[in-house]
Amino acid sequence: MKTEKTIWQKSREELFQELSSTPEGLTGAEAARRLEHYGPNELQEGGRKSVLRIFLEQFADFLVIILILAAVVSAILGDVESMAVILAVITMNAILGTVQTVKATASLDSLKQMSAPTAKVVRDGQVVQLPGREVTVGDVVVLEAGDSICADGRLLECASLKCAESALTGESLPVEKDLADIDGDVPLGDRKNMVFSGCFVTYGRARFLVTSTGMHTEMGRIAALLKSTEEKKTPLQVSLDQFGRKLSIGILVICALLFAVSVFLRGENVMNAFLFAVALAVAAIPEALSSIVTIVLSFGTQKMAREHAIIRKLQAVEGLGSVSVICSDKTGTLTQNKMTVKKLCTGGQIIPADGADFSRPEQRELLRAALLCSDATVNESGEVGDPTETALVRLGESYGFDEAEARGKYPRLAELPFDSDRKLMSTVHQLPDGLTMLTKGAVDVMLGRTRLSPEEKAEIERMNEELSQQGLRVLAFGKRMLTAPAIGLEDENDLQFLGLIAMMDPPREESKAAVGECIAAGIRPIMITGDHKVTASAIAKEIGILTPGTEAVEGAVIESMSDEELREFVPRVSVYARVSPEHKIRIVRAWQERGNLVAMTGDGVNDAPALKQADIGVAMGITGTEVAKDAAGMVLTDDNFATIVQAVKNGRNVYTNIKKAIQFLLSGNTAGILTVLYASLAGLPVPFAAVHLLFINLLTDSLPAIALGLEPHSDAVMQEKPRPRSEGILTKPFLLSVGTEGLVIALATIIAFHIGLASGGAAVASTMAFATLCLSRLFHGVNCKSGHPVLFTRAFWNNKFLLGAFAVGALLLAAVLLIPPLEPLFQVAELSIGLVGCIVGLAFGSMVVIQVLKAIRSMGKK
Ligand code: ATP
């Protein structure tokens, strides 16, 4: 599109003409046609891999390459059977790997879709909310503070618009925009009459005409230069990778030594010795660790998404497992955000909301102010606007004030919109008494701006306290006569007091239980709110956040504190009221410095830094701005505190399941190595053929490992303290149990090997060792389900994936052992029924022994 270079120089009229659009935007039909022509408004991700590429990448592993080499060498030496088996096994393994990777990627993609930004677009003359990818050239898009900008375009309307463009220009401060035409060629950062895709609105309001979308935007141009959007590895994956690498080097050294001993000391066939060393390396090196983590994490995120928590960064799942402090907003997160007016207060009296007397002028004036000084509307099709204001409108209506009529009769001539720093809102109307400014806001702020005697002030403060103690949100109303309709912030002073209106926002039913669950799980819940301290305390007490021994403070209290003082102070505080976004950052940091992992909720534009500072930033999906969502690691689609607690539970379970899968893989591998080492030290024949180890490690082992990662989640994880943030999976007790369990399975295998040697020679012995190791490892899946014994309990049966994985593995093993044509391929000897019985007995026995060991360990802990 040639127009791009001069968009900022052209007049808006020229652009409308060029793009065949109007200030009323496009029609739906025209937009559909253009979408077809220009393609969807999205960036093509450089890193997207085809299934074939994923499949081929499975062969890029060092060990697999060696196996392929081994297969080639086998073929050259005329051993076509070995070649066929090795190739078949690695191909099957690659297919399994591809299926898992594709599934995990698809599930992460669908998550990305769920949290993809939307845009407010004018179509057929109406503002509609659409997915960003459906925006096209010529569309007119509406912007508000907190929105993300979905396309490049020229501004049509602009009210104090400021945009954060750091993603594009590197400029860290928001850029002020305006409508003025610009002459000449100016750099991107100076094109003040344009907005750009990938940037955010931090302040103000605007409309713009879309001039380019998708890869044609400025962001699209650099997207090609940006690295592929591959997920960063999580800390757990990094630590497992490091562990795997160290272990691999050690194992490769052992394998090289074994190879040397076989060839030079025992004089074995070089090819056989080589194949065996390679197979042992494959058997012992836990190369699947990191990919298991990805698979389990991505399945975990799917479950969380179904339960209203959308994970935007995989690291968040892991982090959720060790969250020890949750800082939550009050309104809408802990409470229902459904306000109902309960009490009014005029003329020094508190009146129940249903007992107002419309004939009294002071009450009528208060009701009219409530209706006129709010933006919300309530009609048959529902409520639109802030719940605080819809409550006021509903109050007016319950007394027969028709909102539309009142607003039609006394139209708004000017306004100062509400903002949560000022905590006030004012509107100007021509009322029967004259030109009047109506102001409403937080009582403490309003009292400072109202003409009252000290006694009157004290009386209002007393009533405010009384109402707040009942958990009610109290707003004060005032008025001021004007001579001209134009008003500025300085006019919100010298007001005449009209009265108070107190409303209830009941706690969500599930909040109390969720808070209880948090506390039982060793997690400290903290309320951080813009509301009044007494109101916040009443609600916090009701749901169990404010407990004896902890206190509620106002955000201002921490302003005078140094970081060290704050660090000492935070454990005492459960409720922070009248908080500003800067306070939030300091509170998070103080908790982090005390060694905690902190989750923090947020919804506004100004919350983004605090959400980024928190270990888990939690944005509100319904009421949150796009800026907050972009900064967060997790988005709640129901804005509910209980969902955070549920996500923590899922995070803990995912972590436990990953641990189970790793334990399964490491202990099974240990058993294989111990058996080989034993045989070589004892001067016995080699216990396994190379193909045996490949069969177990590449085929029968992967499915139970994944199945363990998908174990049903348990509530018991919430009875434990949070895992310390520095604690990895590979702790001493963990490695000890890996070693012990590996030893038990190795013993069963060695016994089977000896029975084989005694009854039929090396071939039978090797078959016995292989089958016992394979079956024991399948049974071992059950052992890894829990730290406690599960035999004879219902938990034994509760994972259908594990049962399925066992069945598949056992069938594959049975096929190899019992179908005669497969015998030479897999180098197994024919076994008598008695010997098969021994294998089953030993494998089952190894499981029973490990179960008994678990029972003893559990008793020891009690
Ligand atoms: P939270 O941080 O828990 O979401 P909040 O919703 O109470 O708290 P704000 O919306 O920032 O926080 O409101 C702060 C204060 O401003 C309220 O306690 C109330 O006194 C006042 N207020 C809220 N909404 C309005 C409004 N529409 N008009 C005037 N004043 C309001």
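Let me sum up the structure you'll find in this document. Every value quoted in this text rests on a predicted model; they were computed, and no experiment measured them. (Residues numbered from 1 in each chain as written. Predicted model: local features only at pLDDT ≥ 70, side-chain atom pairs only at ≥ 80, totals over all residues. Heavy atoms only, no water.)

Some remarks on the overall build of the chain
Part 1 of the argument: Helices and strands together make up the secondary structure of the chain, namely 30 helices and 24 strands.
Part 2 of the argument: A burial count over the chain gives 52% of its 862 residues as buried.
Part 3 of the argument: Looking at the chain alone, contacts between residues at least 24 apart form 72% of all its contacts between residues at least 6 apart.
Part 4 of the argument: Here the chain has roughly 37300 Å² of accessible surface; of this, 59% comes from carbon and sulfur atoms.
Part 5 of the argument: Taking the average place of the 83 positive charges on the side chains of the chain and the average place of its 96 negative ones, the gap between the two points comes to 5 Å. (Helix = DSSP H or I, 4+ residues; strand = E, 2+ residues; numbered from the N terminus. Buried < 20%, exposed > 50% of the residue type's maximum accessible area, 1.4 Å probe, protein only. Contact = heavy atoms within 4.5 Å. Areas by Shrake-Rupley, 256 points an atom, 1.4 Å probe, with all protein chains shown as cover. Lys, Arg positive; Asp, Glu negative; His and termini not counted. Charge placed at Lys NZ, Arg CZ, Asp CG, Glu CD.)

Points about the pairing of strand S19 (residues 524-528)
Part 1 of the argument: Buried residues dominate S19, accounting for 5 of its 5 residues.
Part 2 of the argument: The side-chain alternation of S19 yields two buried faces, one formed by Arg524, Ile526 and Ile528 and the other by Pro525 and Met527.
Part 3 of the argument: In the sheet, strand S9 (residues 325-328) pairs with S19 via 4 bridges, with the strands oriented parallel. Residue pairing for S19: serine 328 is matched across the bridge by methionine 527.
Part 4 of the argument: Pairing geometry for S19 and strand S21 (residues 573-577), over 2 bridges, is parallel. Paired with isoleucine 528 across the two strands is tyrosine 576, which belongs to S21. (Pairing = 2+ DSSP bridges.)

Things to note about the site of the ligand
Part 1 of the argument: Close contacts around the ligand come from 16 residues, with Thr331, Ser420, Arg473, Thr529 and Asp531 the closest.
Part 2 of the argument: Take lysine 440: an N or O atom from its side chain is 3.1 Å from a nitrogen atom of the ligand.
Part 3 of the argument: Between glycine 530 and the ligand, the recorded distance is 3.0 Å, taken from a backbone N or O atom to an oxygen atom.
Part 4 of the argument: Surface burial for the ligand is 89%, taken as the share of its 620 Å² of free accessible area covered by protein chains. (Near = heavy atom within 4 Å. Polar contact = N/O pair within 3.5 Å; in protein donor to acceptor, adjacent residues only side chain to side chain.)

Some points on the environment of glycine 348
Part 1 of the argument: Structurally, the position occupied by glycine 348 is in the loop between strand S10 (340-346) and strand S11 (349-352).
Part 2 of the argument: Along the backbone, glycine 348 and methionine 463 are 115 residues apart, and their C-alpha atoms lie at a distance of 8.5 Å.

With respect to the packing of helix H9 (residues 270-284) against helix H23 (residues 641-681)
When two helices pack together, their arrangement is captured by the angle between the axes and the distance separating the axes.
Part 1 of the argument: Contact geometry of H9 with H23 gives a least axis separation of 8 Å together with a crossing angle of 145°. The residues of H23 that touch H9, namely those facing Phe276, Leu280, Ala283 and Ala284, are Asn669, Ile673 and Val676. (Axes fitted to C-alpha atoms, helices over the stretch in contact; angles between N-to-C directions.)

A word on unusual backbone geometry
Part 1 of the argument: In the Ramachandran plot, histidine 308 falls in the positive-phi region, its phi being about 75° despite a non-glycine side chain.
Part 2 of the argument: In this model, aspartate 639 sits at a positive phi of 55°, which is unusual for a non-glycine residue.

Describing helix H4 (residues 62-76)
Part 1 of the argument: Here H4 is 15 residues long and its end C-alpha atoms lie 21 Å apart, about the 21 Å a rise of 1.5 Å per residue gives.
Part 2 of the argument: For H4, every residue scored as buried is listed here: Leu63, Val64, Ile66, Leu67, Ala70, Ala71 and Ser74. Summarising the axial view, the buried residues of H4 lie within an arc of 155°, below the 170-degree limit, and thus occupy one face. Of the exposed residues in H4, those oriented more than 90 degrees away from the buried face are Phe62 and Ile76.
Part 3 of the argument: Positive backbone phi, at 90°, marks glycine 78, one or two positions downstream of H4. (Expected span 1.5 Å × (residues − 1). Arc of directions from axis to C-beta.)

Digging into a nonpolar patch on the surface
Part 1 of the argument: Where nonpolar side chains cluster on the molecular surface, the patch consists of Val72, Val73, Ile76 and Leu77 and spans about 380 Å² of accessible area.
Part 2 of the argument: Residue placement: valine 73 occurs in helix H4.
Part 3 of the argument: Residue valine 73 is classed as partly exposed on the basis of its relative accessible area of 31%. (Patch = residues over 30% accessible without salt bridge, like charges linked within 9 Å, V, L, I, M, F, W, Y side chains within 5 Å. Salt bridge = Lys/Arg side-chain N within 4 Å of Asp/Glu carboxyl O.)

Regarding H9
Part 1 of the argument: Taking 1.5 Å of rise per residue, 15 residues should cover 21 Å, and H9 covers 21 Å from first to last C-alpha, within 8% of that figure.
Part 2 of the argument: Burial runs high along H9: 12 of the 15 residues are buried.
Part 3 of the argument: Those residues of H9 that are buried lie in contact with H4, helix H5 (80-114), helix H8 (235-265), H23 and helix H24 (690-700).

Quick notes on the pairing of strand S16 (residues 434-442)
Part 1 of the argument: Where burial is concerned, most of S16 is hidden: 9 out of the 9 residues are buried.
Part 2 of the argument: Pairing analysis gives 8 bridges linking strand S15 (residues 424-431) to S16, with the strands arranged antiparallel. Residue serine 426 lies in a different strand from S16, and its bridge partner there is threonine 439.
Part 3 of the argument: The loop that links S15 with its antiparallel partner S16 comprises 2 residues.
Part 4 of the argument: Summarising the sheet, S16 and strand S17 (residues 472-481) pair through 7 bridges and their orientation is antiparallel. When the sheet's bridge partners are listed, methionine 437 is paired in S17 with arginine 480.

Some points on the pattern of salt bridges
Part 1 of the argument: Throughout the structure, instances matching the rule amount to 39 salt bridges.
Part 2 of the argument: Between lysine 330 and aspartate 531 there is a salt bridge, with its nearest N and O atoms 2.9 Å apart. Taken together, the positions of lysine 330 in the loop between S9 and S10 and aspartate 531 in the loop between S19 and helix H18 (533-543) put the pair 201 residues apart, joining distant regions of the chain. Both residues of the pair, lysine 330 and aspartate 531, belong to the buried class.

So, the packing of aromatic side chains
Part 1 of the argument: On inspection of all chains with the given rule, the structure shows 7 aromatic pairs.
Part 2 of the argument: Relative to phenylalanine 844, the ring of phenylalanine 779 has its centre 5.5 Å away and its plane inclined at 80°; by these criteria the two rings are edge-to-face. Taken together, the residues phenylalanine 779 in helix H27 (residues 762-783) and phenylalanine 844 in helix H30 (residues 833-861) connect sequence positions 65 residues apart.
Part 3 of the argument: Here phenylalanine 779 falls in the buried class, since its relative accessible area comes to 14%.
Part 4 of the argument: With a centroid separation of 4.8 Å and an interplanar angle of 70°, the aromatic rings of phenylalanine 796 and tryptophan 797 are classed as edge-to-face.
Part 5 of the argument: Residue tryptophan 797 is classed as exposed on the basis of its relative accessible area, which comes to 57%.
Part 6 of the argument: Chaining the aromatic ring pairs together yields one cluster made of Phe695, Phe770 and Phe826. (Phe/Tyr/Trp six-rings, centres within 6.5 Å; stacked < 30°, edge-to-face > 60°.)

What about the sheet that holds S17?
Part 1 of the argument: Within the open sheet, the 7 strands sit side by side as S11-S10-S18-S17-S16-S15-S14. Their pairing is antiparallel. What marks the edges here is a single partner per strand, and that holds for S11 and strand S14 (414-419). If you compare each strand with its neighbour and ignore which way they point, the axes differ by 25° on average.
Part 2 of the argument: Here S10 runs beside strand S18 (residues 496-504); their pairing, made up of 5 bridges, is antiparallel. Paired with leucine 344 across the two strands is isoleucine 501, which belongs to S18.
Part 3 of the argument: Contacts between helix H12 (residues 361-372) and the sheet are confined to S10, S11, S15, S16, S17 and S18, with S18 contributing the most and set at about 70° to the helix.
Part 4 of the argument: Along the sheet, helix H13 (residues 387-398) contacts S10, S15, S16, S17 and S18; its crossing angle with S10, the most-contacted strand, is approximately 70°.

That's the geometry; what it means functionally is another story.
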